[in-house]
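Overview (structure and organization)
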Amino acid sequence: MKYILFFGIALTAFWACDPGAPRPLPILGERDVVNGDTVYPTIPDFSFVDQDSQAVTNATFQDKIYVVDFFFIHCPTICPKVKANGLRIYKKYENDPRVGLLSHSIDVKNDTVAALKRHAEKLGIHPERWRLVTGDHDAIYSIADDYFSVATENPGAPGGFDHSGRLILVDKYRHVRAFCDGTNAKDVDRFMQDMDRLLEEQFARR
Amino acid sequence: MKVFRVLSAVFLFLFFGLKCQQNPYREGARLYQVHCANCHMDDGAGLSALIPPLAGSGFLKTHRERLPCILKYGLKDTIQVNGKQYAEQMPGVPTLSAVHITNILNYIQTSWGNQEQPFRLDDVEALLEACKR
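Basis of the calculations
- Residues numbered from 1 in each chain as written.
- Chains lettered and ligands numbered in written order.
- Predicted model: local features only at pLDDT ≥ 70, side-chain atom pairs only at ≥ 80, totals over all residues.
- Heavy atoms only, no water.
- Helix = DSSP H or I, 4+ residues; strand = E, 2+ residues; numbered from the N terminus.
- Contact = heavy atoms within 4.5 Å.
- Areas by Shrake-Rupley, 256 points an atom, 1.4 Å probe, with all protein chains shown as cover.
- Buried area = accessible area lost by both parts, 1.4 Å probe.
- Salt bridge = Lys/Arg side-chain N within 4 Å of Asp/Glu carboxyl O.
- Polar contact = N/O pair within 3.5 Å; in protein donor to acceptor, adjacent residues only side chain to side chain.
- pLDDT = per-residue confidence, 0-100.
- Phe/Tyr/Trp six-rings, centres within 6.5 Å; stacked < 30°, edge-to-face > 60°.
- Lys NZ or Arg CZ within 6 Å of the ring centre and 35° of its normal.
- Disulfide = S-S within 2.5 Å.
- Buried < 20%, exposed > 50% of the residue type's maximum accessible area, 1.4 Å probe, protein only.
- Core = buried A, V, L, I, M, F, W, Y, C linked by side-chain atoms within 4.5 Å.

In this section: the overall build of chain B. The number of helices and strands found in chain B is seven helices and four strands. Mapped in sequence order, the helices and strands of chain B form the string α-α-α-α-α-β-β-β-β-α-α. Taking as baseline every contact in chain B between residues at least 6 positions apart, the subset at least 24 positions apart corresponds to 52%. Put simply, chain B shows about 8,200 Å² of open surface, and 59% of that area lies on carbon and sulfur atoms.

Moving on to the interface of chain A and chain B. Contacts between the two partners involve 13 residues from chain A and, on the opposite side, 15 residues from chain B. Contact between chain A and chain B buries roughly 1,100 Å² in total, counting both sides, with carbon and sulfur atoms accounting for 60%. Linking chain A with chain B are two salt bridges. Between B:Glu88 and A:Arg118 there is a salt bridge; the shortest N-O distance is 2.9 Å. Our enumeration of links across chain A and chain B arrives at six residue pairs in polar contact (both at pLDDT 80 or more). Residue assignment for the side of chain A that touches chain B shows that the elements contributing at least two residues are helix 2 (79-92) and helix 3 (113-123) of chain A. Per-element tally for the side of chain A that touches chain B: the top contributor is helix 2 of chain A, with five residues.

Now for the confidence of the model for chain B. Residues and elements named next belong to chain B. Overall, the prediction assigns chain B a mean pLDDT of 88, with 84% of residues at 70 or greater. Confidence scores differ between elements of chain B, with helix 1 (residues 2-22) showing the lowest mean pLDDT of 58 and helix 5 (residues 67-73) the highest of 97. As a predicted assembly, this complex carries a pTM of 0.81 together with an ipTM value of 0.74.

Turning our attention to the packing of aromatic side chains. Scanning the entire structure with this criterion turns up eight aromatic pairs over all chains. Through a chain of ring-to-ring contacts, three or more aromatic side chains come together here, namely A:Phe61, A:Tyr66, A:Phe70 and A:Tyr147. The ring of B:Phe119 has B:Arg64 lying over it, and the distance from NZ or CZ to the ring centre is 4.1 Å.

Let us now look at the state of the cysteines. By definition, a disulfide is the covalent link that joins the sulfur atoms of two cysteine residues. Counted by the stated rule, this structure contains two disulfides over all chains. Put simply, A:Cys75 and A:Cys79 are joined by a disulfide, and their sulfur atoms are 2.2 Å apart. The S-S bond linking A:Cys75 to A:Cys79 shows a torsion near 85°; that makes this disulfide right-handed. As far as the burial class goes, A:Cys75 and A:Cys79 line up, both buried. Each disulfide pairs two cysteine sulfurs, and for B:Cys69 the partner residue is B:Cys131, the sulfurs being separated by 2.0 Å.

Turning to the nonpolar core, a few remarks are in order. Looking at soluble globular proteins, one finds that nonpolar side chains tend to be buried together. Core analysis: the largest hydrophobic core is formed by 57 residues, its most contacted members being A:Phe46 and A:Tyr147. Non-local contacts of A:Phe46, meaning those with residues more than four positions away in its chain, are made with A:Val56, A:Thr57, A:Asn58, A:Phe61, A:Tyr66, A:Leu102, A:Ile143 and A:Tyr147. Counting 28 residues, the second-largest nonpolar core is a separate cluster that includes B:Ile70, B:Ala98, B:Ile101 and B:Leu128.

All names here are of chain A. Across all of its chains, the model carries 21 salt bridges over all chains by this definition. Residue Asp 96 is joined to Arg 98 by a salt bridge in which the shortest nitrogen-to-oxygen separation is 2.9 Å. Each member of the pair, Asp 96 as well as Arg 98, carries the same accessibility label: buried. Here the residues in one salt-bridge network are Asp 187, Arg 190, Asp 194 and Arg 197, joined through shared partners.

Here is the structure:
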């Protein structure tokens, strides 16, 4: 009897520590069933322009996972903190072609390509790895919804825009897999672990 | 018995001494979190070439007189901070009172290894006269 109990405990301990693969990150959003197929929300087609006047589309991130945020240059509130944490992510994956970063400006009027270029240079980032984009006003504001982020114009908010400091992780198949509060360094640490897990999941070991 | 008395004195000293040392400008720290930390960061490090540091900033010494007005009305200038040039824009916080500004400045002056002389409220009030709007 004693042995059975002991065995039970040992087994439980074994299961609890789960030496196998970690559970995959969830796919976020309401899933739907279409003609018997289960489908998850996907990021729609987009086309924006980056700091080097290059077109940035879904194809830019083909075979990559990428991190998304929304910001504006003359943001008096959370943006610099989000950028500082974005820089940590950038530095960690700087030499990893499987990872990209994509920041959308929500201040279409002031954040011209030239302004974005200057901003990128001051941040010290390489355009291949981190795209700062502008584009059609409505396209940017509506894609924020697809990324489960918030971007609205609000004359009452500091700087005239209301937006969340979220960082959003998108997988190779245009699914949103994780997000974090980009102003919170600890949450960003956790987010980078999620990125590592996603890389494990979606890319064969190199 | 004398031992106890000495020990109590030591503990009392440690208690009050350390407690006061820990956080000399609590109100300043709170206001800094609200109005400044988003840009200059919790550790005063700033951000790349976009936002100058406050930790170890020589500007605090060389432009001491200008600091109260910068906090209240912002700065749009080309400045040198520790040998690096910044030509950016900082929004001021016009709603800050002279008391707020004194507290924030004293927090900055004594945090992250900074060891500048504290400001007195009358100094700040006098300096604010210069940029009164």
